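Observations on the three-dimensional arrangement
Below are the chains, spelled out letter by letter.
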Amino acid sequence: MTTFLFDGPEAADITILLAHGAGAAMDSAAMTASAKALAQSGFRVVRFEFGYMAARRTSNTRKPPPRADLLKTEYLAAVDALGATGKLIIGGKSMGGRVASMVGDALYASGKIAGLLCLGYPFHPPEKPDQLRTAHLADLRVPTLIVQGTRDPFGTRDEVSSYSLSRKIEILWLEDGDHDLKPRKSVSGLSAADHLKTLGEAAVSWARKITS
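Counting from 1, residues in each chain are numbered in the order their sequence is written. Where local features are concerned, this predicted model is filtered to residues with pLDDT of at least 70; where side-chain atom pairs are given and counted, the filter is 80 or more; whole-chain, interface and lining totals use all residues. Side-chain numbers here rest on the full set of heavy atoms in the structure, without hydrogens or water.

In the nomenclature of an unreviewed UniProt entry, the chain corresponds to Alpha/beta hydrolase from the organism Candidatus Afipia apatlaquensis.

So this is what it looks like as structure tokens:
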């Protein structure tokens, strides 16, 4: 049975379902901060965990994640278990967003979701820019917002600018943000709170556009 964490108003017009990254749980600091920022912007935000991560809570072992494509069934099961009645956007942090992107087109075509929101997309493994995870993004049909730090080791602005990506994909670049979207204030003059505020505002504007 899928366990969910909820934030934001129950009566919100739009629900956002988020999955976690490969190594950090749904209640990690980064996931919690992003969920709270989106909830404060008026979304109903729902977080869930894949089975391997949930198992870590009851065992003394850190089972590694399966390949991302093997988690698609679990993501679809979470969508069904949530049973959102209003407009639904799916996505997640890093690997969670990647898995959501793998199931997004089918869900969009069937009318189950309105869009895809990825926080820190893992375009490639750190220090391995030739091992791209972008093939399916070239023809993506679901409206997509990727929120990415400009110095994310999984895909910097300079690297991503050279990729062939679907026109359905919009990218919000957060200056000096890392994989958790955090900037160095001494370098950028910006704080994590600044970026979270920008995330919330941009998500609202984008969501209104794709659901109107």
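**Digging into the packing of aromatic side chains**
Stacked, edge-to-face and tilted labels apply to pairs of Phe, Tyr and Trp rings (six-membered ring for Trp) whose centres lie within 6.5 Å, assigned for plane angles under 30 degrees, over 60, and everything in between, in that order. Within the structure shown, the criterion is met by 6 aromatic pairs. Here Phe50 and Tyr75 contribute two aromatic rings whose centre-to-centre distance is 6.4 Å and whose plane-to-plane angle is 55°, an arrangement assigned as tilted. Remark: Tyr75 occurs in helix 3 (residues 72-82) and Phe50 occurs in the loop between strand 3 (44-48) and helix 2 (51-56); sequence separation between them is 25 residues. When sorted by exposure, Phe50 lands in the same class as Tyr75, which is buried. Here a strand is any run of E in DSSP of at least two residues, a helix any run of H or I of at least four, and the numbering for each starts at the N terminus. Exposure is judged per residue with a 1.4 Å probe applied to protein chains only, and the accessible area is read against the type maximum: over 50% gives exposed, under 20% gives buried, and values in between give partly exposed.

**A look at helix 1 (residues 29-40)**
By this rule, a helix spans an expected 1.5 Å times one less than how many residues it contains. Taking 1.5 Å as the rise per residue, helix 1 with 12 residues should run 16 Å; its terminal C-alpha atoms sit 16 Å apart, in good agreement. Only heavy atoms enter the contact rule, under which two residues are in contact if any of them lie within 4.5 Å. Close packing links the buried residues of helix 1 with strand 1 (4-7), strand 2 (14-19), strand 3, strand 4 (87-93), strand 5 (115-119) and helix 7 (192-211). With its phi angle positive at about 110°, Gly42 sits one or two positions after the end of helix 1.

**Details of helix 7**
Between its first and last C-alpha, helix 7 extends 28 Å over 20 residues, near the 28 Å set by a 1.5 Å rise per residue. Here helix 7 has its buried residues at His195, Leu199, Gly200, Ala203, Val204, Trp206, Ala207 and Thr211. Structurally, helix 7 contributes buried residues whose contacts are with strand 2, helix 1, strand 4, strand 5, strand 6 (144-149) and strand 7 (169-174).

**Thoughts on the nonpolar core**
Leu17, Phe48, Phe50, Tyr75 and Ile90 are the most contacted members of the largest nonpolar core, which totals 34 residues. Taken together, the elements giving at least two residues each to this core come down to strand 2, strand 3, helix 2, helix 3, strand 4, helix 4 (95-109) and strand 5. Per-element tally for this core: the top contributor is helix 4, with 5 residues. Setting aside anything within four residues of it in sequence, one finds Ile90 in contact with Leu17, Tyr75, Val79, Ala100, Val103, Gly104, Leu107, Ile113, Gly115, Leu116 and Leu117. The set of buried Ala, Val, Leu, Ile, Met, Phe, Trp, Tyr and Cys residues whose side-chain atoms join them within 4.5 Å is what this entry labels a nonpolar core. Judged by nonpolar contacts, the second largest core, of 22 residues, contains Ile14, Phe43, Leu117 and Leu145.

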